[in-house]
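Fold and contact review
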Amino acid sequence: MQAIYDFIFEKPDIRKLKNELKQTVIFKTLDNTEISILTKHLTLRQFRKGERVFFEGDPGAALFVILKGEVQISKLTGTKKAIFANLEKGMFFGELALAYNTPRTASAQVTQDALLVGLFKHDFEKIIKHYPMLGNKLLTIINNILGQRLSAVIDQL
Amino acid sequence: MKRFQTTIAVSIFLLAIFGILLFKFWAIAISIAGGFLLYFLIDKTLDWFERRGVKGLPAYLILILLFSITLIGLTLFVAIPFFEQTESLIAEFPKLAENFKQELSDLTATFPALEKYQDNIKTKALASVTKALSLTGTMLGSAATMILIAFILLASRQTLRQKFTEGIPNEYFEVTVSIVHKIINEVENFAVAKMVETLIVTILYAFGFWAIGLPMSLLFGVVGGLLNIIPYIGPIIAAVPVAIAAYLYGGYTLLIASLIVMAIGQLIDNTILQTWLISKFVDVHPLTVVIITLIAAEVAGVAGMVIAIPVYSIAKLLTVGLYDYLKSVKRHEILLREEESYNKNNAGRYKHKVKPHVFGTH
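Residues numbered from 1 in each chain as written. Chains lettered and ligands numbered in written order. Predicted model: local features only at pLDDT ≥ 70, side-chain atom pairs only at ≥ 80, totals over all residues. Heavy atoms only, no water.

**Remarks on the overall build of chain A**
- Across its full length, chain A holds six helices and six strands.
- When the helices and strands of chain A are placed in sequence order, the string is α-α-α-β-β-β-β-β-α-β-α-α.
- Of all 157 residues assigned to chain A, the portion counted as buried reaches 54%.
- Restricting to contacts in chain A with at least 6 residues of sequence separation, those with at least 24 account for 69%.
- Accessible surface for chain A amounts to roughly 7600 Å². Of this, 57% is attributable to carbon and sulfur atoms. (Helix = DSSP H or I, 4+ residues; strand = E, 2+ residues; numbered from the N terminus. Buried < 20%, exposed > 50% of the residue type's maximum accessible area, 1.4 Å probe, protein only. Contact = heavy atoms within 4.5 Å. Areas by Shrake-Rupley, 256 points an atom, 1.4 Å probe, with all protein chains shown as cover.)

**Overview of the overall build of chain B**
- Counting its secondary structure elements, chain B contains 10 helices and one strand.
- Going from the N terminus to the C terminus, chain B shows its helices and strands as α-α-α-α-α-α-α-α-α-α-β.
- Here chain B, with 362 residues, has 37% of them falling under the buried criterion.
- By sequence separation, contacts in chain B at least 24 residues apart represent 72% of the contacts at least 6 residues apart.
- Put simply, chain B shows about 21000 Å² of open surface, and 72% of that area lies on carbon and sulfur atoms.

**Structural notes on the pattern of salt bridges**
- Summed over the entire model, instances satisfying the criterion amount to six salt bridges over all chains.
- With a shortest N-O distance of 3.5 Å, A:Lys75 and A:Glu56 are connected by a salt bridge. Here A:Lys75, found in strand β3 (residues 62–77), pairs with A:Glu56, found in the loop between β2 (52–54) and β3; they are 19 residues apart in sequence, far enough to count as distant.
- According to the relative accessible area criterion, A:Lys75 is partly exposed, its value standing at 28%.
- The partner of A:Arg104 in a salt bridge is B:Glu174, and the shortest N-O contact between them spans 2.3 Å. You can see A:Arg104 sitting in the loop between α4 (96–99) and β6 (107–120) and its partner B:Glu174 sitting in helix α7 (residues 173–212), one on each of two chains. In this pair, the class of A:Arg104 matches that of B:Glu174, namely buried. (Salt bridge = Lys/Arg side-chain N within 4 Å of Asp/Glu carboxyl O.)

**Looking at the packing of aromatic side chains**
- Applying the stated criterion across every chain, the model contains nine aromatic pairs over all chains.
- Where A:Phe120 meets B:Phe173, the ring centres are 5.7 Å apart and the plane angle is 80 degrees; that geometry is what we call edge-to-face. Linking A:Phe120 in strand β6 with B:Phe173 in helix α7, this pair reaches from one chain into another.
- On the accessibility criterion, A:Phe120 (0% relative accessible area) is buried.
- An aromatic cluster of three or more residues is present, and its members are A:Phe54, A:Phe64, A:Phe93, A:Phe120 and B:Phe173.
- It is A:Arg104 that lies over the ring of A:Phe54; its NZ or CZ is 3.9 Å from the centre. (Phe/Tyr/Trp six-rings, centres within 6.5 Å; stacked < 30°, edge-to-face > 60°. Lys NZ or Arg CZ within 6 Å of the ring centre and 35° of its normal.)

**Overview of the side chain of B:Glu197**
- Secondary-structure assignment places B:Glu197 in helix α7.
- In this structure the side chain of B:Glu197 is engaged in a polar contact, spanning 3.1 Å, whose partner is the side chain of B:Lys194. (Polar contact = N/O pair within 3.5 Å; in protein donor to acceptor, adjacent residues only side chain to side chain.)

**Structural notes on the packing of α7(B) against helix α8 (residues 217–227) of chain B**
Residue and element names in this part refer to chain B.
- Interhelical geometry of α7 versus α8 gives an angle of 150 degrees and a closest axis separation of 8 Å. Comparing their axes, α8 and α7 come out roughly antiparallel. As α7 runs across α8, the sense of the crossing is right-handed. Facing Thr198, Val201, Thr202, Tyr205, Ala206, Phe209 and Trp210 of α7, the residues of α8 in contact are Ser217, Leu218, Phe220, Gly221, Val222, Gly224, Gly225 and Leu226.
- Partitioned by chemical class, the residues of the contact of α7 with α8 number nine nonpolar, six polar and no charged. (Axes fitted to C-alpha atoms, helices over the stretch in contact; angles between N-to-C directions. Parallel < 35°, antiparallel > 145°, perpendicular 65-115°, else oblique. Left-handed = near helix turned anticlockwise from the far one by under 90°. Nonpolar A, V, L, I, M, F, W, Y, C, P; charged D, E, K, R; others polar.)

**Considering α8(B)**
- Burial of α8(B) is extensive: 11 of the 11 residues sit out of reach of the surface.
- For α8(B), the complete set of buried residues consists of B:Ser217, B:Leu218, B:Leu219, B:Phe220, B:Gly221, B:Val222, B:Val223, B:Gly224, B:Gly225, B:Leu226 and B:Leu227.

No statement about biological role is implied by the geometric values presented.
Next up, the structure:
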């Protein structure tokens, strides 16, 4: 019976995805219902080592969460290259795309075969419109993390 | 890069073939479009239930219940009267045709100048009646195919989005998904706007015809509403059978009354419905709508007129998307060249580094 239910309503892969999402920095405080809603608005994507998720200057449209693998965030200015971070499982990047209509400020390259999950701006807007409580919660989480990142950068200056 | 260019070339070729086939077999095109539309409607309804906490099996059961109630309601109050009225029209057709011929002869006796046009008027009037009924029949006959397509799409509802994105190369995944989202949004909005417009026009016509005492008011309302989907010429094709029936059933008084009903319907449609609905849902200037529709009529006839606006919107979005894509390709190549040269000169040395925890686990 469970197999039939799964086949029609919830694929086993999706159950696994929900569990993995609960272990990420950005979605760990969400409850089961919220994770279920969110899963419908996410896009899963596999990247091989060396592939680019996006280049600096690209129009940003999605936030990415790492479910597996590693991603390097870097920026090239003339002959200088700044590596901002090497991100691992559970971390996320590209969140500015959800908040502003500005091009990507840095490039993201996969350094270990990765499984990423993308939350697109149009889907995020849909969540805010149809599930304001969840939208508000996500905005607060992103806001807090952006604040923490900003203070960390200021500390390093 | 080459793989992506080949994919684009093959996609454009397949789209062109698909486009030609659609224009050639427009009834099938309408069925497919209707199937997708039905799927979107069911999908939106399921979303609406899910937002209210009803999901999975209960949501599907409620949907099936609502669908059954709607189907029974439509059968009892729309389909049965519709087919009864159609049957009655078919039964009365020889008599009506005879009356029409007689009326036409009387008219030519009063105005001899009309005699040379008599055959022409007869042929054109009968052709219009046949065309109006056959177009309406084709549209209704596609319903079964639409339901089938909608159910196939529903069966893979949960994985449809994932399946669609699988074919896109990683490098252009983000930009492609954004463009496709805009296209789907535009088509969905246009379809919803057209559906609401058709429903309102059908109700206006049916109610108006019923109010003036025109027999088979529902049949003529449905014919008028459905043919209204075809811009400009649709209402004219629909007006001919209505005008003939009104004249034969109630003389000049009913003819004028029915024409007034249709004129009011068109006035409301053109001034309120189209201005409000289409401009609210679709981002196309009214003048562009007219020009595009006229060009489409020349190129692909009736089918072209129906799908002109969504096709134009898609083409516009694709052009902008393609331009952005070409700009991205150029920029990516420059960035990759710069990075290659940097890697050669500065292997392993970083100019600036931010602590990884900044992006991490707080």
